[in-house]
Amino acid sequence: MGGGVVGLLTSYYLVKSNVDVVLVDQEFGVAKGASHANGCQLSYSYVDALGSPSMLKKIPGISLGLDPYTKVRHSFRSDYLKWMSAFLINCTKASYVANTRTLLDLSSLSRALVDEFIDSHGEESMEYRSSGKLMIFSSAFDDAVRNMKERNKIVHQQVSLTPGECCQVEPALYGYSDKISGGIWAEGDAVGDPNMFSNYLLSYLEAHSNFTFIPNCKIFGFSEGENHVLSVDTSLGRLFADKFVCCLGPQAPIISKLLGISLPIIPVKGYSVSFKCLVGAPAVSLTDMDRKIVMCKVGAEFRVAGLSEVGELSEDVSENKISMLIDSAREIFPNASDYSKPFRKWSGIRPFSPTSRPILGKIKHNNVYYNVGHGMLGWTLSFSTAKIVSDQVINDLD
């Protein structure tokens, strides 16, 4: 259930193991949600848990609307308050380190699986490029370096840079160097287009007789037996299966409630805007850490993405938010594109858990599996979580 990159990859690993798979999605095609036009970063080395002591210090200002790049839609719903309480608990140093360690383990597995996929299918399957990732800071750089050193104790992937060294890594930054206090460079990170990849993967899967894709299929309910699900009721009729896998992103809490499960996931809306690349576009994938905005070149496209609206489910595109992205990109890379001619403005909803870790495997029923709650790391972690959950299904089928 769910035709984004997570659902497609879970299907891929199951089909490769000769499992009969039916993939359903409420949209007319695949990758119509958060996989459609996100930041494209395969950020293997920087998967820090959102909850941290430094985030705890920022929460009052964010809650009061003082951060222009992060907005919170407050609610008194019990599920929202429960999520926020759990998130605050995960802002301790011990929880931050433990959660980040888990995410680094998942991202390391994803890196290996992406390399394996590229060896078999080629870089063109996703516009893959080993670009490296440069994070630039205008403030709080010392804190960032301390966190980097903690990450490097787990796996050494990052180095800190002076403003001058940042410009050596990415010469297009020279005009902005006086506003940079430092940078962190991850040479092994990459970029890829999850939308292109999803459509490639659908074509690949549809060439297999043990795979069926059913679009425009809305889920209304389930038929249950003792500790297991018998079928799913949809707009196209009742579908029976031995196993069910939920890869529904921000819709997962809505669907799981039909099974009596309250998933700890809240929606966080983000935006992107895309342009045709010009010669001044950066070669590396870059994140402005103060604004939490990412910029990268994917094929012939220059993509700018970021911003967070916590608790927002509407996918309406705010022109004000798009302008914030454009203004930020123009300031840092004035020659990357003709900023008056964006060809795509987009928003998508990302599903966040309070730990920042994806929710994987069985919860209540012995034949229902979950692969949800990836937050902003859906693309980066999709390969590893799909492999883990598909292996669980396969083992239970044996």
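Before any of the text, the structure's been laid out above.
What counts, and where the lines are drawn
- Residues numbered from 1 in each chain as written.
- Predicted model: local features only at pLDDT ≥ 70, side-chain atom pairs only at ≥ 80, totals over all residues.
- Heavy atoms only, no water.
- Core = buried A, V, L, I, M, F, W, Y, C linked by side-chain atoms within 4.5 Å.
- Buried < 20%, exposed > 50% of the residue type's maximum accessible area, 1.4 Å probe, protein only.
- Helix = DSSP H or I, 4+ residues; strand = E, 2+ residues; numbered from the N terminus.
- Contact = heavy atoms within 4.5 Å.
- 1 Å grid on protein atoms, 1.4 Å probe; cavity = no way out; pocket = protein on both sides within 12 Å on 5 of 7 lines; lining within 4 Å.
- Points joined across faces, edges and corners; volume = space filled by probe spheres on them.

A.B. asks: Mind laying out the nonpolar core, listing which residues take part and the relevant values?
C.D. replies: Counting residues in each nonpolar core, the largest one holds 36 residues, and the members touching the most others are Leu9, Met126, Phe197, Leu201, Phe211 and Phe383. Listing elements by their share of this core, those giving two or more residues are helix H1 (5-16), strand E1 (21-24), helix H4 (93-121), helix H7 (194-206), strand E8 (211-214) and helix H10 (378-397). Looking at which element gives the most residues to this core, the answer is H1, with eight residues. Not counting residues up to four positions away in its chain, the partners in contact with Phe211 are Ser11, Val15, Val21, Leu23, Leu202, Leu205 and Glu206.

A.B. asks: Quick rundown of unusual backbone geometry? Include the residues and the values.
C.D. replies: Despite not being glycine, Asn18 has its phi angle at roughly 65°, a positive value. Here Asn18 shows up in the loop between H1 and E1. On the accessibility criterion, Asn18 (67% relative accessible area) is exposed. One non-glycine residue with positive phi stands out, namely Asn216, at about 50°. With respect to the helices, strands and loops of the structure, Asn216 is situated in the loop between E8 and strand E9 (219-224). Exposure remark for Asn216: the relative accessible area of 43% places this residue in the partly exposed category.

A.B. asks: Residue-level account of the layout of surface pockets, with values.
C.D. replies: Taken as a whole, the second largest pocket holds about 520 Å³ of empty space. Contributing to the lining of the second largest pocket are 23 residues, with Asp20, Val21, Val22, Ala241 and Lys243 lying nearest its centre.

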